[in-house]
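What follows is the residue order along each chain.
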Amino acid sequence: MNFINQRSNHSDENNKYDTSVRSQFHTINHQIMSYMSELCTILPHSKSHHTNYIEMRTSLMIIILCTSDSIRISCGGFFQMSSRVFLRVINVLYTVTTFLWQMK
């Protein structure tokens, strides 16, 4: 019984740590997104550097999209899929597709 309590306490500590890390990650992510949004709005434009301006603004917008927490992978609206599971599904699909192509 004591072993079960120790495991439960250890699990609680891990959950607290996970929650803390997630919270810190979310805070830092939000700060990055805010900073990049601000840079996008104050980026100066000149006709002579129009191409550079577009490239920089596009890069900043991609960073904003990557740091936003609105991107979720949903499985038919029933549940959300973690990125680890999504990568495993993609790897399996790639393996099966490659196998089928070699069967031709």
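Residues numbered from 1 in each chain as written. Predicted model: local features only at pLDDT ≥ 70, side-chain atom pairs only at ≥ 80, totals over all residues. Heavy atoms only, no water.

1. Observations concerning the overall build of the chain
Stage number 1. Each helix and strand counted, the chain has three helices and two strands in total.
Stage number 2. By the burial criterion, 10% of the 104 residues in the chain qualify as buried.
Stage number 3. Of the contacts formed within the chain by residues at least 6 apart in sequence, a portion of 40% connects residues at least 24 apart. (Helix = DSSP H or I, 4+ residues; strand = E, 2+ residues; numbered from the N terminus. Buried < 20%, exposed > 50% of the residue type's maximum accessible area, 1.4 Å probe, protein only. Contact = heavy atoms within 4.5 Å.)

2. Digging into a nonpolar patch on the surface
Stage number 1. Side chains of V85, F86, L87, V89, I90 and L93 sit close together on the surface and give an oily, nonpolar patch of about 490 Å² of accessible area.
Stage number 2. Relative to the assigned elements, I90 resides in helix α3 (residues 83-103). (Patch = residues over 30% accessible without salt bridge, like charges linked within 9 Å, V, L, I, M, F, W, Y side chains within 5 Å. Areas by Shrake-Rupley, 256 points an atom, 1.4 Å probe, with all protein chains shown as cover. Salt bridge = Lys/Arg side-chain N within 4 Å of Asp/Glu carboxyl O.)

3. With respect to helix α2 (residues 50-67)
Stage number 1. Between its first and last C-alpha, α2 extends 26 Å over 18 residues, near the 26 Å set by a 1.5 Å rise per residue.
Stage number 2. Three or more residues of α2 are buried, namely Y53, L60, I64 and T67. The buried residues of α2 occupy an angular sector of 75° when projected down its axis, which confines them to one face. Projecting away from the buried face of α2 at angles above 90 degrees are the exposed residues T51, L65 and C66. (Expected span 1.5 Å × (residues − 1). Arc of directions from axis to C-beta.)

4. Quick word on the confidence of the model for the chain
Stage number 1. Of all residues in the chain, 78% attain a pLDDT of 70 or more, and the chain-wide mean is 76.
Stage number 2. pLDDT under 50 marks residues 1-7. Its contacts with residues more than four places away, or in other chains, come to zero contacts. (pLDDT = per-residue confidence, 0-100.)

5. Observations concerning the environment of S59
Stage number 1. Among the secondary structure elements, S59 is positioned in helix α2.
Stage number 2. Sequence separation between S59 and M36 is 23 residues; the distance between their C-alpha atoms is 9.7 Å.

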